[in-house]
Structure formats: C-alpha cells, structure tokens
Amino acid sequence: MPEGDTIYRSARAMQRAIGGKVCTGFETGLATLARVNDDTPIAGRTIERVEARGKWLLVYFSGDLILLTHMLMSGSWHLYKTGERWWMGKDRMRAVIRTEDWQAVAFNVPVAEFHTARSLKRYTQVPKLGVDVLGDEYSTESGVARLRDYGQEHPEAEVAVVLLNQRVLAGLGNVYKSEVAFAAGVNPFRAMSTLTARELEAMAEVAGKWMRVNVLDGAGDGISTYFGNRRTTGNSNRDDRLWVYGRQGQECRRCGAAIEMRKQGEQARSTYWCPGCQPWVPAAGQAAVAPVGRAVKLRGPRRRVGC
Ligand SMILES: [Zn+2]
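Residues numbered from 1 in each chain as written. Predicted model: local features only at pLDDT ≥ 70, side-chain atom pairs only at ≥ 80, totals over all residues. Heavy atoms only, no water.

Enquirer: Would you mind going over the overall build of the protein chain with me for this structure?
Expert: Regarding its fold elements, the protein chain presents seven helices and 12 strands. Within the protein chain, the proportion of its 307 residues that are buried is 53%. Pairs at least 24 apart in sequence give 64% of the contacts found in the protein chain among residues at least 6 apart. By element, 50% of the accessible surface of the protein chain is carried by carbon and sulfur atoms, the whole surface being about 14200 Å². (Helix = DSSP H or I, 4+ residues; strand = E, 2+ residues; numbered from the N terminus. Buried < 20%, exposed > 50% of the residue type's maximum accessible area, 1.4 Å probe, protein only. Contact = heavy atoms within 4.5 Å. Areas by Shrake-Rupley, 256 points an atom, 1.4 Å probe, with all protein chains shown as cover.)

What follows is the structure, encoded as structure tokens:
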C-alpha cells in the first residue's frame, strides 16, 4: 500500500509540473471517465491544482471538475516529459493528463472518478478521513486528540491497527505504523487503554515529523516515483533507513534483541517490533505474557522495502 508520504510527494510533483497549466489532452481506458470526457472535454481546461488527502489524489480542473483517484494496493501516478518512455505498459494505463511539456499517467488505479465540488462533498469516503499527518492542520496536539478520542471509544483496539486506520490519522501506512510504535517504545499489540499521555504524544509527534522528513527528502526531484527513499533512522544509507520494518530476525539497532514480526488485525498486515524496546503492557484482564512473533532470519537477498 503506498504510504501517505508517497502520495503526497506524487501530488506535489504533479502540482509543480502541471499545476496552473492548460490540459492539452486527456486519454483514459476507463469507460466512466471516457463518458465524462466525451460530454465535457478535459482538454482545454486549466489544471487548477493537485492535492493529496490521505491516500487519495485529487486533480482539480477549471469548470468544477475534479478527478479523484485512490491507489489502494497497486495504483500509482507517474510524471513523464512529453515523449519520454513510460515505465509501465500501456495496458496498465488508466488515465493520462497531458500538458505542453508533461504527461501525468495513472497506472492501475482501482478507483478513478470525476466529481464536482458538490458531489465530492457528498462522497462519504474522502471527508471521513482523519486528520492528515501531512496536512497544514496537523500538529502533535491534534494527533494526540484523535488517538485519545479513538482510544476512549475503542479501548480494546490494538495500537498498530489504530495507527493504520485512515479515519484516525490519515496518511500512515504499514511501514510507518511499525516505525512510529517503535519510536514511542510502544508494543504494537497493546490495547489503546494502556497508553500513557506521554506515549500518545510520542506517537503523534513522530508520525508528523517522519512523514514530513520523507516528503522533504523528495524535494528537488521533479519526477515522483512509486518507491520513495523512506527513512526513519536519520541514516540515508539504503539498508539502514528503518528501525524495525522488514527487519525480522535482525538485531535491534538500539538494544540488539531480534526484531519480531506477526500478522495483525483483520487485514493481517505485517507488524514488526523489538520485544526489548517495546515491552508488553497488558490491559485489565489481558494475559501478562506478551504476544510472540516470528524472528526467523530471512534467507536470500534482503527484501526490498516496499509497501
Ligand atoms: Zn530494541
């Protein structure tokens, strides 16, 4: 799943390249988009702005038309100079927005719809997003408030599942979920009810800080890529970028214990943690024994850090 920072970077790169420009051509393989394009052509409209909201990417055209896309697991937006070769096959293209100098291409996006400002407001999924960790309104305080309120409504909810819930904090994906819990020293399987004020604050602070660092990392490159160079350790070396994510069986960079991994939540997403740095704290009535993960060393080449 693309992380919020990846989508934010895509949106920012697109905004720089095609924002304010006139659309010179629009092509799509999706019938619903093609119909709108036939009735009210996209070419000739100005691309007013490109915006990320959590995992949604929105392209605003003049004349009250908004292209809404969601990446889910497989989608991505690429930017190419006119005439540049695409990195993916045309069969995966879902939409192309052309300007004089650029082409923005949506590949494999499973959700792509045109909206007006009014229909977008009624579209329940986008407004339901929690506070966007990359939005201007995000602060450690607002992040704490969202986490605390949710924890009061769902005291039994597990920390890492809540961090991934886009209706609580929008933008955190599966990589950051584990990294944020590590930074706060919180075992990702703990119930929300066991969190202290300091732990809530640490998670909310780190979530905003790291996401921003990773967005800033992408500064300067006009082309947005699907896999950014995410880092949370402050080390830009490719292999040393993350504290726990994808490091099952390897030594904790802080205490040397073996990093564990376990599938978590209804979606069975991989969660990584250090049993040394992130001790178990049982809720009332919960077993005193910490959940156990696997800490088997991975064989073969190290896995690429993806989503
Ligand atoms: Zn550790």
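Enquirer: Looking at this structure, how should I read the coordination of the zinc ion?
Expert: Looking at the zinc ion, one finds its protein donor set to be Cys 252 (SG), Cys 255 (SG), Cys 274 (SG) and Cys 277 (SG), positioned 2.2 to 2.4 Å from the metal centre. Taken together, the four donor atoms coordinating the zinc ion span angles of 98 to 118° at the metal, a pattern that classifies the geometry as tetrahedral. The motif formed by the donor residues of the zinc ion, counted along the single chain, is C-x2-C-x18-C-x2-C. Across this residue pair, the class does not change: Cys 274 and Cys 277 are buried. (Donors = N, O, S within 2.8 Å, 3.2 Å for Na, K, Ca; no water. Tetrahedral: all angles 85-135°; square planar, octahedral: opposite > 155°, others 65-115°.)

Enquirer: I would appreciate a short explanation of the nonpolar core in the present structure.
Expert: A general feature of soluble globular proteins is that nonpolar side chains tend to end up buried together. With 41 residues, the main nonpolar core has Leu 147, Leu 163, Leu 169, Leu 172, Val 180 and Met 203 as its most contacted residues. Where this core is concerned, the elements lending two or more residues are α4 (140-153), α5 (159-164), α6 (174-183) and α7 (197-217). Core analysis: the second largest hydrophobic core is formed by 29 residues, Ala 11, Met 14, Leu 67 and Met 71 among them. (Core = buried A, V, L, I, M, F, W, Y, C linked by side-chain atoms within 4.5 Å.)

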